[in-house]
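# Close look at the chain arrangement
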Amino acid sequence: MRVTSRPTFVFVHGGSSNAQAWRPLQNELALLGHLSYAVDLPGHGDRADTPAAYYRLPQDAAALADAPSPMRAVTLQDNVRHVVDILRRLAEQGPVVLAGNSLGGLTVSAVANAVPELLDRVVYLSALCLSSPAMLTEAWDVVDDNLLDAAAARIAVPGVPDPGVARLNWRSAHADPELFAELKTAIMANSTDHQFRLLLDSMDPDENHTVLEPAALVTADGWGRVPHTYIRLSEDRAITPAVQDYMIRQADALTPHNPFDVHTLATSHVGYFSRPQVFAELLADLA
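Residues numbered from 1 in each chain as written. Predicted model: local features only at pLDDT ≥ 70, side-chain atom pairs only at ≥ 80, totals over all residues. Heavy atoms only, no water.

### A word on the overall build of the protein chain
Note the following rule: Secondary structure elements follow DSSP: runs of H or I of four or more residues count as helices, runs of E of two or more count as strands, with numbering from the N terminus. For each residue, the accessible area found with a 1.4 Å probe, counting protein chains only, is set against the maximum for its type, and the residue is called buried under 20%, exposed over 50%, and partly exposed in between. We call two residues in contact when some of their heavy atoms are within 4.5 Å. In this tally, Asp and Glu contribute negative charge and Lys and Arg positive charge; neither His nor the terminal groups of the chain are included. Charge positions come from single atoms, namely NZ of Lys, CZ of Arg, CG of Asp or CD of Glu.
On a plain count of helices and strands, the protein chain comes out with 11 helices and 8 strands. For the C-alpha atoms alone, the extent of the protein chain along its principal axes is close to 50 × 45 × 35 Å. Sorting the 287 residues of the protein chain into buried and exposed places 55% on the buried side. Counting contacts in the protein chain only where the partners sit at least 6 residues apart, residues at least 24 apart contribute 78% of the total. Each charge sign in the protein chain was given a centre, from 20 positive and 34 negative side chains, and these centres are 5 Å apart.

### Quick word on the pairing of strand S1 (residues 8–12)
Filter applied, for reference: Strand pairing requires that DSSP identify at least two bridges connecting the strands. Crossovers are described as right-handed under a simple rule: with the strands pointing away from the observer, the path leading from the first strand over the helix to the second runs clockwise.
Of all 5 residues in S1, 5 are buried, a share of seventy percent or more. Here S1 shows no split at all, with Thr8, Val10 and Val12 on one side and Phe9 and Phe11 on the other all buried. Examined bridge by bridge, S1 and strand S2 (residues 35–39) share 5 bridges and lie parallel to one another. Bridge assignment links Val12 to a residue of S2, and that residue is Val39. This β-α-β element, S1 to helix H1 (residues 23–31) to S2, shows right-handed connectivity.

### Notes on the environment of Pro70
Along the chain, the position of Pro70 falls in the loop between helix H2 (61–66) and helix H3 (76–91). The exposure class assigned to Pro70 is buried, which follows from its relative accessible area of 16%. For Pro70, the residues in contact, after removing those within four places along its chain, are Gly43, Ala48, Asp49, Thr50, Pro51 and Asp206.

### A word on the sheet that holds strand S3 (residues 96–102)
Rules: All axes here are fitted lines through C-alpha atoms, helices being fitted over the stretch that makes contact, and every angle between N-to-C directions spans 0 to 180 degrees.
Read across the open sheet, the 6 strands follow the order S2-S1-S3-S4-S7-S8; overall the sheet is parallel. One side of each edge strand has no neighbouring strand; the edge strands of this open sheet are S2 and strand S8 (261–265). In this sheet, neighbouring strand axes are inclined to one another by 20° on average, regardless of whether the strands run parallel or antiparallel. In this fold H3 packs onto S1, S2 and S3, with an angle of close to 165° to the strand it touches most, S2.

### Structural notes on the layout of surface pockets
Where we set the bar: Lining residues are defined by having an atom within 4 Å of a point belonging to a cavity or pocket. Those points lie on a 1 Å grid over the protein atoms alone, cavities being sets where a 1.4 Å probe fits but cannot get out and pockets being open sets with protein on both sides within 12 Å along at least five of seven lines. Grid points are joined across faces, edges and corners, and a volume is the space filled by probe spheres set on the points. Gly counts as polar in this scheme, as do all residues outside two lists: the nonpolar Ala, Val, Leu, Ile, Met, Phe, Trp, Tyr, Cys and Pro, and the charged Asp, Glu, Lys and Arg.
Taken as a whole, the largest pocket holds about 840 Å³ of empty space. As for the largest pocket, its lining consists of 35 residues, and the residues nearest its centre are Ser102, Leu103, Leu128, Leu148 and Ile239. Secondary-structure elements contributing two or more residues to the lining of the largest pocket are S3, helix H5 (134–137) and helix H6 (148–155). Here the lining of the largest pocket takes 3 residues from H6, the largest share from any one element. In the lining of the largest pocket, the residues fall into 22 nonpolar, 10 polar and 3 charged.

Right, here's the structure in full:
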């Protein structure tokens, strides 16, 4: 077995996404000599039985609403078990850096709590990092002027039969220029329209937001043992810089002996898809 001193980057996607979103960044990392692995969390990407009505054109709205979800009964612990199995295999070959974007930060945190000994670093790319129970139950003391909530409400599919599952019809934006522009501004404003169309076509419709649970909170004796980096995205209108900074402050208060290593990139929420080279260069420097 070939053992390398360079880390393998393991990427965890955000909500309604999958491993495809990391492909441009993986290609750039390969050009810099780095290995990587992009995870499809349970119920996503190649691991999902996505409703056929989502892909058929013209779409049948009733069929899309009624179709059972591949996310039914998927829990945060299912995510953790899947990622830990991957990490155990990769850790035999050398160091591992676990990175996540957006909602994927909850899985990154839970995994780091569970197996800190397998990780050389965790990286949050404008990802959720929750560090106290109050962050699950109370309003945050920060102005959150994100644009994604309103845009997502416009593509939400009502009446999905599986509890806890939110279904978003991303593909509907292709036929609505105003909606297309609104979504693009919210999550990938610094891309071309062509790049954003590619991203839309890669998105999964379903996400289970029950992963927002106490097990997703970082702990000082688990996650706090691992070096951690936060990559702030200063043009993010989905998880805004103010919200990112609030999460960083709260986590640093939990582990003042091991604060976040913070870097800033002037990109939007999914900038690693539209500007992968700058992300690859920063990750390579961290390695």
